[in-house]
Amino acid sequence: MSKINSLFQKMTFKIHGDERGSLISLESLKNIPFDIKRIYYIFDTKPDVVRGLHAHKNLKQVLICTSGSCKIRLDNGFEENIFNLNNASEGILIESLVWREMYDFSPDCVLMVLANENYDENDYIRDYKTFLSLL
Ligand code: TYD
């Protein structure tokens with residue numbers, strides 16, 4: 001795992017490939033640096049949609065675009081970075097208190113998210129000014 005800035009860590013997963021094709025395995029506390037409690041995926045996203053638009057108080061997540069592509073804009077109140085998710089063997093690890101916006105979804109995009117906690121609406125910060133005030 002290589003740290004490229006304070007907003008996210010880019011991750012590259014080993015591809016088990018042979019003449020039949022490719023396979024990637026994700027395992028808690030092995031190539032995913034937390035216990036995976038929840039997996040969800042976003043697909044069939046309509047054109048021009050922006051998703052996310054929130055930060056989390058405590059949650060850690062790994063995002064992997066298993067098909068197609070999308071972009072993610074990350075902001076920690078001090079710096080901003082845009083990452084192009086377009087490779088099923090790459091992911092990004094996002095810690096808490098990072099504002100995220102996903103956009104430019106290709107029609108075939110499947111964005112898979114692994115999280116270290118169950119869904120909890122109380123962990124969401126959905127107002128940008130509130131997010132800034134918590135930093
Ligand atoms: P939402 O937070 O709007 O998604 P995004 O951050 O991608 O814009 O979630 C959409 C709906 O799905 C909302 O009603 C909450 C629900 N949801 C769950 O029930 N479980 C989950 O793990 C997630 C991420 C969302």
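### Looking at the nonpolar core
Counting 18 residues, the largest nonpolar core has L63, I72, L74, L85, I92, I94 and L111 as its most contacted members. Listed by contribution, the elements that provide at least two residues to this core are β7 (61–67), β8 (70–75), β9 (80–85), β10 (90–94) and β12 (110–115). Top element by residues in this core is β8. It accounts for three residues. Apart from the residues lying within four places of it in its own chain, the contact partners of I92 are F8, Q9, K10, M11, Q61, V62, L63, I72, L74, F83 and L85. Membership of the second largest hydrophobic core comes to nine residues, among which are M11, F13, I32 and V62.

### Focus: unusual backbone geometry
Notably, L97 is not glycine yet its phi reads approximately 55°, a positive angle. Take L97: it is sitting in the loop between β10 and β11 (99–103). Even without a glycine there, the phi angle at D104 is positive, about 55°. Secondary-structure assignment places D104 in the loop between β11 and β12. The exposure class assigned to D104 is partly exposed, which follows from its relative accessible area of 46%.

### Considerations on the site of the ligand
The environment of the ligand is formed by R38, Y40, I42, R51, G52, H54, Y119, Y124 and R126. The contact in question runs from an oxygen atom of the ligand to an N or O atom on the backbone of G52, over 2.9 Å. A distance of 3.1 Å separates an oxygen atom of the ligand from a polar atom in the side chain of R126. Within the complex, 60% of the 530 Å² of free accessible area of the ligand lies under protein. Elements with a minimum of two residues in the shell around the ligand: β5 (38–43) and β6 (51–56). Class assignment for the residues of the shell around the ligand results in four nonpolar, two polar and three charged.

Cut-offs and rules
- Residues numbered from 1 in each chain as written.
- Predicted model: local features only at pLDDT ≥ 70, side-chain atom pairs only at ≥ 80, totals over all residues.
- Heavy atoms only, no water.
- Core = buried A, V, L, I, M, F, W, Y, C linked by side-chain atoms within 4.5 Å.
- Buried < 20%, exposed > 50% of the residue type's maximum accessible area, 1.4 Å probe, protein only.
- Helix = DSSP H or I, 4+ residues; strand = E, 2+ residues; numbered from the N terminus.
- Contact = heavy atoms within 4.5 Å.
- Near = heavy atom within 4 Å.
- Polar contact = N/O pair within 3.5 Å; in protein donor to acceptor, adjacent residues only side chain to side chain.
- Areas by Shrake-Rupley, 256 points an atom, 1.4 Å probe, with all protein chains shown as cover.
- Nonpolar A, V, L, I, M, F, W, Y, C, P; charged D, E, K, R; others polar.

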